[in-house]
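Chain and residue survey
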Number of protein chains: 4
Amino acid sequence: MRIGMVGHAFMGAAHSQAWRTVNRVYDLPRQARMAVVAGRDETRVAAAAARLGWDGHTTDWRTLISRDDIDLIDICTPGDSHAEIAIAALEAGKHVLCEKPLANTIDEARRMADAAAVATGRSMCGFNYRRVPAAGLMRQMVAGGRIGEIRHIRAAYLQDWIADPAAPMVWRLDKEKAGSGALGDIGAHIIDLTQYVTGQLISGVSALTETFVKQRPVTTGGFAQVTVDDAALFLARLDGGAIATYEATRFATGRRNALRVEINGSRGSLAFDFERMNELEFYDATAASTQQGFTRILVTEPDHPYLAGWWPPGHGLGYEHAFTHQARDLIEAIATGGDIAPSFADALQVQLVLDAVLRSADDSSAWTSVTHQPVLSGR
Amino acid sequence: MRIGMVGHAFMGAAHSQAWRTVNRVYDLPRQARMAVVAGRDETRVAAAAARLGWDGHTTDWRTLISRDDIDLIDICTPGDSHAEIAIAALEAGKHVLCEKPLANTIDEARRMADAAAVATGRSMCGFNYRRVPAAGLMRQMVAGGRIGEIRHIRAAYLQDWIADPAAPMVWRLDKEKAGSGALGDIGAHIIDLTQYVTGQLISGVSALTETFVKQRPVTTGGFAQVTVDDAALFLARLDGGAIATYEATRFATGRRNALRVEINGSRGSLAFDFERMNELEFYDATAASTQQGFTRILVTEPDHPYLAGWWPPGHGLGYEHAFTHQARDLIEAIATGGDIAPSFADALQVQLVLDAVLRSADDSSAWTSVTHQPVLSGR
Amino acid sequence: MRIGMVGHAFMGAAHSQAWRTVNRVYDLPRQARMAVVAGRDETRVAAAAARLGWDGHTTDWRTLISRDDIDLIDICTPGDSHAEIAIAALEAGKHVLCEKPLANTIDEARRMADAAAVATGRSMCGFNYRRVPAAGLMRQMVAGGRIGEIRHIRAAYLQDWIADPAAPMVWRLDKEKAGSGALGDIGAHIIDLTQYVTGQLISGVSALTETFVKQRPVTTGGFAQVTVDDAALFLARLDGGAIATYEATRFATGRRNALRVEINGSRGSLAFDFERMNELEFYDATAASTQQGFTRILVTEPDHPYLAGWWPPGHGLGYEHAFTHQARDLIEAIATGGDIAPSFADALQVQLVLDAVLRSADDSSAWTSVTHQPVLSGR
Amino acid sequence: MRIGMVGHAFMGAAHSQAWRTVNRVYDLPRQARMAVVAGRDETRVAAAAARLGWDGHTTDWRTLISRDDIDLIDICTPGDSHAEIAIAALEAGKHVLCEKPLANTIDEARRMADAAAVATGRSMCGFNYRRVPAAGLMRQMVAGGRIGEIRHIRAAYLQDWIADPAAPMVWRLDKEKAGSGALGDIGAHIIDLTQYVTGQLISGVSALTETFVKQRPVTTGGFAQVTVDDAALFLARLDGGAIATYEATRFATGRRNALRVEINGSRGSLAFDFERMNELEFYDATAASTQQGFTRILVTEPDHPYLAGWWPPGHGLGYEHAFTHQARDLIEAIATGGDIAPSFADALQVQLVLDAVLRSADDSSAWTSVTHQPVLSGR
């Protein structure tokens, strides 16, 4: 299976490592071939091809689509170009892997989902955190009834890379390119992950967004307006009866990449923090009363999700292999015709949540003021 | 200083241990004397007096107020009787320590704050968690600028003692007695604690409450309606610019008494979990880049708040001594005329937040629905 | 039961808090009365009596023994006076609680055990850490077969209070007063605790001791020789087949009071660290393979050892209550005639281990040199 | 640089992933080419070549040495064949990377070090854990004086893969193949790592070894004698004045791959556990007294060792990349002529420690018995 990848920054590097590794770990019906990488700048894309190990490169992503020998288009660009590339690729009969968020607008996302629904090629949205083994184990345990009926979800994706007001303007802070800020970039991950793990969909929200630093220095001089949220917080109800808090922020000083999910059910609880990605905490309320507690499961056993091909127990995996596992699932589904998740339709559903969050945050009637008591002397 | 205590259940036992201990640890200008405990049932209050070490007992709390030899009334009853007892005590010139929440209604709380403002006796509301040494250290560090300008507060008080639907009806689940459920009982603690630590007041909220189990078995037979919230979640803005998530629940399976606060500022962060009450985590964003991380401070050093009188470093304190420290501060303030916090006015301010949360939770316009995408086949 | 306590420093304060508290938490057949405290200096012992809440004081411990109204002698002095006081008390028919280590020499310890064996009064040695609820739970779980046959013990008692060479000379660093250094002071605790928890006795050792700082400043001027070990390390075999590492040190920078025990068995493991004294980690090798891991048990449930009388789950206990629980067990055993552990004979057994450790550390034939390879250029 | 690898089991797979990845992450003067893999069984080595991504394969490792187009021989076989292959390769002018332990006997190891000293090719022994970024940071911090003079080392390598007596016989339990058991396999790692991090060499030891399960089922039927240690414990002194405990075991139930090192110095401490390989704990005794504690450094910053080429902060690495970093250092040293560590001479020094440990464990005079006190009635 010959891959054409568009974009070669952070996501491009991660996807490259996944394509390079996947057949070395898993016995799959098809071999991934790293055929061509596309980028806008000839010098930079050539260097990226050499560095990341692609056979060729191009400055025009359309050539990937017109070439008959490319089977799959892997879209690693900012969100504003997803719809155009993905729809063109699907219409040309290619398989498509598209990074999240699916698109910057509901309209684009819907057109992509529509195109996917009628295409001959298969499509997947790249919510990679689903493929962390501990996330897969969470889903298995929820589905297996280990925590019973779900009451609470506590989801946060905490980063701090722009907590310093001196951090420069980048495309991720520009609404035109990125659609939204922390919300779409990392909030989308916890929306997808919690819906995936619990099997419930968010049915309503109440939200708040904030931009703490309104202007950022531009590396080429001057200042630019930050047009996206630095942080987004929302309460939610899910259609299975759970209630939830969600928080996505780039201002959680000291939290580098803390994607955290805790789920409390009637028979137990699960807790995960990506900063310790090889661990899952499980509380079993049915255990003997003197022996209850959160169990730190080291998710490195051969019978844990995705682990059969890897190292012996206790020899943990790194960030990149959520992408390796994603590549495995995609290759298998393409080869066998099996279901793909998250589909573009699943990703559109995430987009609808993002949209509701932004609308709620803009709605002042959703807010209740607190009266301040005049301060009396401290008797 | 002779104490008269009203109520002798959980809070009465904790307060008793504090009064018994405080002069043994601290050199104070006055000695606490455990004079009389009041309770409704003669047999039970007599047994409690013997067990908890009070010199005498009574079945009528009014006798405590009429006796000249009682200096301080310590109110450990459910919230519905706080106003009557406290106002009577203040009018009689007694000092008053009143358990939280201050009252079950805004009106009662306001009358109590008004009474306190004109009384000759001193008054304090028992938000004991302020007196955990780690909480005091948090406040010192925030005030000292160690974490800079505050952006995020993440507060949760997680319990699970009624997660089992078979747990019986108790007064804490009855709105008449308790005013509200998780919100007033434990949500009040995190509202007070975060306002105390940050020096900021909550200015607005958006909230959600839920009662997962609507009916509970009564120990004497039959079922009773649960009339309070099992869980309350809210987003908040504080008047210093911070944004926050708050969660109070009795359904966080496996979390026994996890009062958690994390605060992210421009120069650092602080994180606390009462299940590890002798620890405080501090992130210093000004440290050398290769050496940054959350520092687990064992809050047991002699120069930590309240610690000078206690054991050597590393020999941790237990739950009860937040009350011992509260007793110390109250005795000192009474003897020296110093400021008291939290005053009844401070506690009224917490009450105003609780009220706004309940009003917001009842306001359907605060909610934004999410459209559900028809499920397509997973292409 | 009227108590006469000898010594009023750190241990005296801890024991006082225990005697004051024990009948407030537990329903016991006898009431502890804090009758008299003895100390050498009139001014200081009078102040201690007032501060710690004793009815009277004396500068001569022998008066405690001659008084008919004293039932129990509680010995909180340095080890060099234990034998004299304890034997006199036992001969006078008193009950005796003696702090650990039982004595500074084998000979003294043996005479104490002999006196205890024929006395009418009861006797206990104060290895308080046995009475931490998590330690009691460990013993229950080992005895209940939850970890199977024991293979490994990993015990360390890590402190750092003299890691700074400028820390002054104190009696604990003087062999005449203290007998040994880290070994007898804190090493004795982990020897007792591991033997208690596993039910196995140490049968042989190979040891090493070190004094890092040979001289210390005296607070009244000049320097004094440190005549005890700063750290003691030893390997051991136990009579049930387990092998073990033990380490006691006052130079583990950053570890304030980290008494740690890990035990690995054929069916599971247990791990404890006193710096988190309300927690016990348990690994169950018989659990489902995907769900195995160390479970952090919060040892605060009513059915955990000693917990029935205390606070609700999740409201942890502090250091001092190991002494409260010790007082409970002693009062119950005296009242009911039940077995007492650790008896003076048990404590003598610990002493025999301490002695073997010191002999092994002095035996140069126990050491094997490592040849150093001449350094070659790093080809 | 064309690689010929001998052996294709666990270590072969890990080395393959490293050779495949190293030039994708780092800009290096030479490109690693995965030329040929050698193995004894034609079918299995052919499958391994396909699976692991080698261009060719052979059943005779000598062909790798005779081929002019192979630059580096990577030895991933059991220890009994290391000397023959490595010496042949060095004599043929090849560069050599040899897995640890360097050899099964001192004599072999010495001959290898001698061969390396006069060879034109470069040589390195594969103590991969040195290349975990946190280990590199430990060494930097020790060298930079951040923890001062070292007093204590606490090293353990805890596994549990044969804790079950039913686990079958494998070559690692056969002295002929493996040389020793836990000692040489994993004990060697902590010896090397602690010497590397501290810059001190072990000068003497006192040791104990144990084989808990003497016979193991053979997969083809019957039982075989286990001829190596299941666990090895030793005390050590280092030439810079530190004292240490070392423990290597395959019977630490629940500890899958817990390589742990804690170092206490006069100015601070460091603690590492490979089960959380992206973290390092650092205690700074020079920090303000109220803010001291162990700092959990997430070792994922661009200025941490080896991290510059990797993912953004907080996106952790996995086990395999210690090998990627090893490959990087080796390629750079070969290209630039820089120093290589650990050299074969360094690895011989580790071997000399292993030898002293085994001799000490066999020396009964190193052991001191403990007298058992006859059990008296528990008075």
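Residues numbered from 1 in each chain as written. Chains lettered and ligands numbered in written order. Predicted model: local features only at pLDDT ≥ 70, side-chain atom pairs only at ≥ 80, totals over all residues. Heavy atoms only, no water.

As named in an unreviewed UniProt entry, chain A is Oxidoreductase, taken from Actinoplanes couchii.

With that settled, the discussion passes to the sheet that holds strand β5 (residues 95–99) of chain C. All names here are of chain C. If you walk across this open sheet you meet the six strands as β3-β2-β1-β4-β5-β6, and the pairing is parallel. For this open sheet the edge positions go to β3 (56–58) and β6 (123–126), each flanked by a neighbour on one side alone. Here the strands of the sheet are splayed against their neighbours by 20° on average, with no regard to which way each runs. Pairing analysis gives three bridges linking strand β2 (residues 33–38) to β3, with the strands arranged parallel. When the sheet's bridge partners are listed, Val-36 is paired in β3 with Gly-56. In the packing of helix α2 (residues 42–52) onto the sheet, contacts are made with β2 and β3, and the angle to β3 comes to roughly 155°. (Pairing = 2+ DSSP bridges. Helix = DSSP H or I, 4+ residues; strand = E, 2+ residues; numbered from the N terminus. Axes fitted to C-alpha atoms, helices over the stretch in contact; angles between N-to-C directions. Contact = heavy atoms within 4.5 Å.)

Following the UniProt record, the feature "domain: Gfo/Idh/MocA-like oxidoreductase N-terminal" (unreviewed entry) maps to residues 1–121 of chain A here. For residues 1–121 of chain A, the end-to-end C-alpha separation is 13 Å, with 46% helix and 19% strand making up the annotated structure. (UniProt positions renumbered as here; feature names shortened; annotations may be inferred.)

Attention now goes to the pattern of salt bridges. Under the definition given, this model contains 104 salt bridges over all chains. For the salt bridge of C:Glu301 with B:Arg256, the shortest nitrogen-to-oxygen distance reads 2.7 Å. Taken as a pair, C:Glu301 in the loop between β16 (294–298) and α9 (321–336) and B:Arg256 in the loop between β12 (243–249) and β13 (258–265) lie in two separate chains rather than in one. Residue class for B:Arg256 comes out buried when judged on its relative accessible area of 14%. One salt bridge in this structure joins D:Arg172 and D:Asp185, with 3.1 Å as the shortest N-O distance. Pair noted here: D:Arg172 is in the loop between β7 (150–158) and α7 (175–178) and D:Asp185 is in helix α8 (residues 182–198), with a separation of 13 residues, a long-range link. Salt bridges sharing partners connect three or more residues here, namely A:Arg154, A:Glu262, B:Glu247, B:Arg255, B:Arg260 and B:Asp273. (Salt bridge = Lys/Arg side-chain N within 4 Å of Asp/Glu carboxyl O. Buried < 20%, exposed > 50% of the residue type's maximum accessible area, 1.4 Å probe, protein only.)

Note on the chain copies: they are related by a rotation about an axis and a translation along it. Its rotation angle being 180°, the transformation that places chain D on chain C also includes 0.0 Å of axial translation and leaves an RMSD of 0.0 Å. As the rotation angle and translation indicate, the two copies are arranged about a two-fold axis. For chain D, the residue whose C-alpha comes nearest the rotation axis is D:Ala366, separated from it by 1.8 Å. Interface overlap between copies: 100% of the residues of chain D at the interface are likewise at the interface in chain C, consistent with a symmetric, same-surface contact. (Least-squares fit on C-alpha atoms with pLDDT ≥ 70 in both.)

A few words on the interface of chain D and chain C. The partner chain C presents 82 residues to the 82 residues of chain D that form the contact. Roughly 6,400 Å² is buried in total at the junction of chain D and chain C, and carbon and sulfur atoms are behind 53% of that figure. Put simply, D:Arg154 and C:Glu247 hold a salt bridge, and the shortest N to O gap is 2.7 Å. Summed over the shared surface of chain D and chain C, the number is 27 residue pairs in polar contact (both at pLDDT 80 or more). For the side of chain D that touches chain C, the element with the most residues is strand β8 (residues 202–210) of chain D, which contributes nine residues. Here the side of chain D that touches chain C is built from residues that sort into 37 nonpolar, 28 polar and 17 charged. Pairing geometry for strand β8 (residues 202–210) of chain C and strand β17 (residues 368–369) of chain D, over two bridges, is antiparallel. (Buried area = accessible area lost by both parts, 1.4 Å probe. Polar contact = N/O pair within 3.5 Å; in protein donor to acceptor, adjacent residues only side chain to side chain. Nonpolar A, V, L, I, M, F, W, Y, C, P; charged D, E, K, R; others polar.)

With respect to the element layout, D:Ala13 can be found in helix α1 (residues 10–25). As a C-alpha pair, D:Ala13 and D:Ala163 span 150 residues in sequence and 25 Å in three-dimensional space. Residues in contact with D:Ala13, not counting those within four places in the same chain, are A:Trp311 and D:Leu52.

Turning next to the interface of chain B and chain A. At the interface, 82 residues of chain B touch 82 residues of chain A. Between chain B and chain A, roughly 6,400 Å² of surface is buried when both sides are summed, and carbon and sulfur atoms account for 52% of that area. The interface formed by chain B and chain A contains eight salt bridges. Seen at the junction of chain B and chain A, the total is 27 residue pairs in polar contact (both at pLDDT 80 or more). In terms of residue count, strand β8 (residues 202–210) of chain B provides more of the side of chain B that touches chain A than any other element does, nine residues in total.

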